[in-house]
Structures are given as C-alpha cells and as structure tokens.
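Summary of structural features
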Amino acid sequence: MCSAKFFFCCEFPVCPASGVTVNDEVIKVFNDMKVRKSSTPEEIKKRKKAVLFCLSDDKKQIIVEEAKQILVGDIGDTVEDPYTAFVKLLPLNDCRYALYDATYETKESKKEDLVFIFWAPESAPLKSKMIYASSKDAIKKKFTGIKHEWQVNGLDDIKDRSTLGEKLGGNVVVSLEGKPL
C-alpha cells in the first residue's frame, strides 16, 4: 500500500528507495574534523571549522560543497567571527547539510563539539526540501558519534548564537566562539 507521503516523495527524482550515497570526501572531512590528534601549527590552520555539504547535480550523491568552508587558520585573519561567517555561507534559498566545530565555555570548562546542521530554509523550493529531508539519514549514518543535531528553517533560527548555545548545553553555556551569550 502506498501512503500519500511516499507517493508524493516519489514524484521527485530522488526518494529514500533511490539510494542517495555519501561521497568518500564527505566521510574524510568528517573524520578529519572529529579526530583531534596532535598536529603541527600548520596542520591545525588547515583544519576545518565549518563545512557545507550539498547534493550533486544529478541528486544521487552528497558531496562537499566547493569553497563553502572555514578553516581554523582563517580565524583572526580573514574571518573575525567564525559563527557569523558560517551563517553567511548558508544559501538563503536552498537546503544544505553542515558540520560546525563549536568552541564554547560552560561555567566549569571549555569544550569543542561537532554539530550536524540540516539547513532547510522556508524559502527553499519544496522539491529541494523533500530531497534533502529524504537523504538526511544517509549522511547522518556516516557521522558516527555526533552528539548535537540541529534542524534550522531560517536565518531567524540561526543568526543568534545563543540558540546554538542552548543546543550545546542549555543554560550552562556562557560563551560561544569567545563571545558571551
């Protein structure tokens, strides 16, 4: 029996049964961001602070989006505030997946955690929202060990860093990226 949701989804070129795959480069980027090994200062500068992922043109693979990243070495050089710069990377009228390496402080300690973000702005085309929503599990399954997931539906939800602070630790987070909340 075909439910209305399944029928609606399958009007589009990609649906859950079509098998959207995750490109190996996406997995490599995730593993590089997740593992915090001893590195030289030069290697640390090349580490990704934030990166966007999109669907390939044929809508069959999740790929790393070209030139949509922030490197740790950019902070203080070409990027003053990494969180604001990350928000500016997001397209206003289309969906994306993102990883953001949040640096924050609680009343007790300083922490770093990766946050998986599903960006689906209300202004994105319905077809895009359906394709990204039905493909989200494919990328999430590859991102093992992610503690924080955040679905964001517009700039109002993401531009205020205190919303991310709440996702990371409720009211115990006192600063994000060195800025007080």
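Here the structure is shown first, and the text comes after it.
So, here's what we can say about the structure. A quick note: this is a predicted structure, and the numbers were derived from the prediction, not measured.

Looking now at the nonpolar core. Within the largest apolar cluster, 24 residues are counted, with the highest numbers of intra-cluster contacts made by Val-26, Phe-53, Ile-62, Tyr-97, Leu-99, Ile-139 and Phe-143. Looking at this core, the elements that each hand over two or more residues are helix 2 (24-34), strand 2 (48-55), strand 3 (61-71), strand 4 (96-106), strand 5 (110-119) and helix 5 (126-142). Discounting residues that sit within four places of it in the chain, Val-26 has contacts with Phe-53, Ile-62, Ile-63, Val-64, Ile-139 and Phe-143.

Under the definition given, this model contains 8 aromatic pairs. Taken together, a centroid distance of 5.8 Å and an interplanar angle of 55 degrees make the contact between Phe-53 and Phe-143 tilted. Pair noted here: Phe-53 is in strand 2 and Phe-143 is in the loop between helix 5 and strand 6 (148-152), with a separation of 90 residues, a long-range link. With respect to burial, Phe-53 and Phe-143 carry one shared label: buried. With 5.0 Å between their ring centres and 40 degrees between their planes, Phe-86 and Tyr-100 make a pair best called tilted. Of the two residues, Phe-86 is situated in helix 4 (residues 82-89) and Tyr-100 in strand 4; the sequence distance between them amounts to 14 residues. The burial state of Phe-86 is the same as that of Tyr-100; both residues are buried. Through a chain of ring-to-ring contacts, the aromatic side chains of Phe-30, Phe-53, Tyr-97, Phe-116, Phe-118, Tyr-132 and Phe-143 assemble into a single cluster.

Time to look at the pattern of salt bridges. For the coordinates displayed, the defined rule picks out 11 salt bridges. Note that Glu-42 and Lys-45 form a salt bridge whose closest N and O atoms lie 3.9 Å from each other. Of the two residues, Glu-42 and Lys-45 both sit in helix 3 (residues 41-45), 3 residues apart, roughly one turn of that helix. Classification of Lys-45 by relative accessible area gives partly exposed; the value is 44%. A salt bridge links Asp-113 to Lys-147; its shortest N-O distance comes to 3.4 Å.

When you line up the elements, Ile-44 lands in helix 3. With a relative accessible area of 39%, Ile-44 lands in the partly exposed category. Sequence separation between Ile-44 and Val-72 is 28 residues; the distance between their C-alpha atoms is 6.7 Å. Dropping the residues within four chain positions of it, Ile-44 is found in contact with Ser-39 and Val-72.

Definitions and cut-offs
- Residues numbered from 1 in each chain as written.
- Predicted model: local features only at pLDDT ≥ 70, side-chain atom pairs only at ≥ 80, totals over all residues.
- Heavy atoms only, no water.
- Core = buried A, V, L, I, M, F, W, Y, C linked by side-chain atoms within 4.5 Å.
- Buried < 20%, exposed > 50% of the residue type's maximum accessible area, 1.4 Å probe, protein only.
- Helix = DSSP H or I, 4+ residues; strand = E, 2+ residues; numbered from the N terminus.
- Contact = heavy atoms within 4.5 Å.
- Phe/Tyr/Trp six-rings, centres within 6.5 Å; stacked < 30°, edge-to-face > 60°.
- Salt bridge = Lys/Arg side-chain N within 4 Å of Asp/Glu carboxyl O.

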